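Descriptive analysis of the structure
Residue-level listing of the chains:
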Amino acid sequence: MSSEAVERTLQYPIPAKHALEPPQEWAQLREQCPVAPVRFPSGDEAALVTRYDDVKLVLSDPRFVRNFSADDAASIAEGDSGGVFESEMATSIEGAGHQRWRRMIARWFTARRMLALQDDIAAMADRMIDDMVAAGGPADLKAALGFPLPVWVICTMLGVPESDQDRFAHWSNALLNLSRFTTEEIALAQREFGEYMAALVAQKRAAPGNDLISDLISRTDDDGATLTDAELIATGQALLVAGHETTANMIGKMMGMLLADRSRWEQLVADPSLARTAVEEVLRFDANPGFGMPRYLTEDAEVAGTVVRRGTTMVCSMAAANRDERVFDDPEEMDLSRSPNHHLSFGAGPHSCLGQALARTELRTVLEVLLRRLPTLELAVAPDELRRIEGLAVGGVEELPVRW
């Protein structure tokens, strides 16, 4: 690819040939065009940053905000609805109230609470593996374990009945739309989800339970104020999308990466104590993360020696930054014992992923249970036959066929 090709406006997300391999443009963008013009699925143009330091700057600098309703902000998705990035529910916990919201919800994502939750996650993973093994192989590990486990976790936290979990899965797909769903389908999902969460909030007000929504209804901030119904509904959406869909897809990608090169899985079977650092490395090495983090620039700023104008919509590729050779030794190699590992997979700054402790707990627990239960696990197809998820803001594989 020539330098002229790098400077042209690229379609974003940048396509890649294989589900587990990065787009070939990443390395050259980092070297030759660290602030690159891109075109979103909507047709609007934006700027892409791919270097570690630049991504960290854009995610941390208060001049770069999550205001996608501005008149000159780029629309991300096709049609009038931008899905998760531009919905009214998503914006109701933005701005000055965001840190207040984080402080009120943070107690549900402490390391101590995650440790207490770990045994329940492991027990549910064991049950799901029992069902998969009883049905016989080959099996789709994503459908049997990767997809249902995180939705069970997040629905349990929210106090959602198990019978409604399939509906939550559909809503999260629609809210993460880039080009897979129509404007009407997205609007319907947003309306249905808002109505469901409003009814759930009303139910929890009348009969509180031992769940996050019930706790937040009665919890007050430093000024004695409680969260509004709109903020409680937005909390449900944020946890559904971040707590279910991203983790569900990361489980599939994690196992795909570890099984694609048999030596990686065998290394973990021989030494399961590597599970913790292995999880951090698959998070860093993930070549199929989805859209990335968009930001809107409120005043002119310099990024990578380039003056970026006010009103520009920027998107951060944390995955490209995670392979920046300026920061990581041998970044194109997966080192399951890599430490330290300061990847940006959970973002940076005031909007870094609040649920990262939960995601790490789920990934590590699933990996430990699979190592214990199915040490002979292997892919049932060649790695290059795995199919990427297309048309959603989150990256993943459509299915992960395995045998044991």
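In case you missed it, the structure is sitting above this.
A brief structural summary. (Residues numbered from 1 in each chain as written. Predicted model: local features only at pLDDT ≥ 70, side-chain atom pairs only at ≥ 80, totals over all residues. Heavy atoms only, no water.)

What about helix H16 (residues 356–373)?
- The end-to-end C-alpha distance of H16 is 25 Å, a good match for the 26 Å that 18 residues give at a rise of 1.5 Å each.
- When H16 is considered as a whole, its buried residues turn out to be Leu358, Ala359, Thr361, Glu362, Leu363, Arg364, Thr365, Val366, Leu367, Val369, Leu370 and Leu371. (Helix = DSSP H or I, 4+ residues; strand = E, 2+ residues; numbered from the N terminus. Expected span 1.5 Å × (residues − 1). Buried < 20%, exposed > 50% of the residue type's maximum accessible area, 1.4 Å probe, protein only.)

Some remarks on the sheet that holds strand E3 (residues 45–49)
- Taken in spatial order, the six strands line up as E1-E2-E3-E9-E6-E4 in an open sheet, and their pairing is mixed. The two strands at the open ends of the sheet, each matched to only one other strand, are strand E1 (10–11) and strand E4 (64–65).
- Sheet analysis places E4 next to strand E6 (residues 293–297), joined by two bridges and oriented antiparallel. For Val65, the partnering residue across the bridge sits in E6 and is Tyr296.
- This element, helix H3 (residues 52–60), spans E3, E4, E6 and strand E9 (313–316) of the sheet and lies at about 125 degrees to E9. (Pairing = 2+ DSSP bridges. Contact = heavy atoms within 4.5 Å. Axes fitted to C-alpha atoms, helices over the stretch in contact; angles between N-to-C directions.)

Quick word on the pattern of salt bridges
- As enumerated under the stated definition, the model contains 27 salt bridges in all.
- The closest approach of N and O atoms between Arg284 and Glu281, which form a salt bridge, is 2.9 Å. Here the residue Arg284 and the residue Glu281 both occupy positions in helix H14 (residues 275–285), the gap between them amounting to three residues, near one helical turn. For the pair Arg284 and Glu281, one class covers both residues: buried.
- Each member of the salt-bridge network shares a partner with another, and the members are Arg30, Glu31, Asp324, Glu325 and Arg326. (Salt bridge = Lys/Arg side-chain N within 4 Å of Asp/Glu carboxyl O.)

As for the pairing of E6
- For E6, a buried count of four out of five residues is recorded, marking the element as mostly surrounded by other parts of the structure.
- Pairing of E6 with E9, which is carried by four bridges, proceeds in the antiparallel orientation. The residue of E9 that forms the bridge with Arg295 is Met314.

Topic: the nonpolar core
- The biggest cluster of nonpolar side chains holds 81 residues, and the ones touching the most others in it are Phe168, Leu212, Met255, Leu258, Leu367 and Leu370.
- Here the element with the most residues in this core is helix H12 (residues 229–260); it accounts for 11 residues.
- Apart from residues lying up to four places away in sequence, Leu367 is in contact with Met254, Met255, Leu258, Trp265, Leu268, Ala275, Ala278 and Val279.
- In terms of nonpolar packing, the next biggest core, distinct from the first, is built from 23 residues, Leu10, Ala74, Ile186 and Ile389 among them. (Core = buried A, V, L, I, M, F, W, Y, C linked by side-chain atoms within 4.5 Å.)

Focus: the pairing of E9
- Neither face of E9 is open: one carries Thr313 and Val315, the other Met314 and Cys316, and all of them are buried.
- Here three bridges tie E3 to E9, and the two strands are oriented parallel to one another. If you follow Leu48 over to E9, its bridge partner there is Val315.

A word on the sheet that holds strand E10 (residues 378–379)
- Overall, antiparallel pairing links the three strands, which are arranged E5-E11-E10 in an open sheet. Two strands bound the open sheet, and with one partner strand each, they are strand E5 (139–140) and E10.
- Pairing analysis gives two bridges linking E5 to strand E11 (residues 401–403), with the strands arranged antiparallel. The residue of E11 that forms the bridge with Ala139 is Val402.

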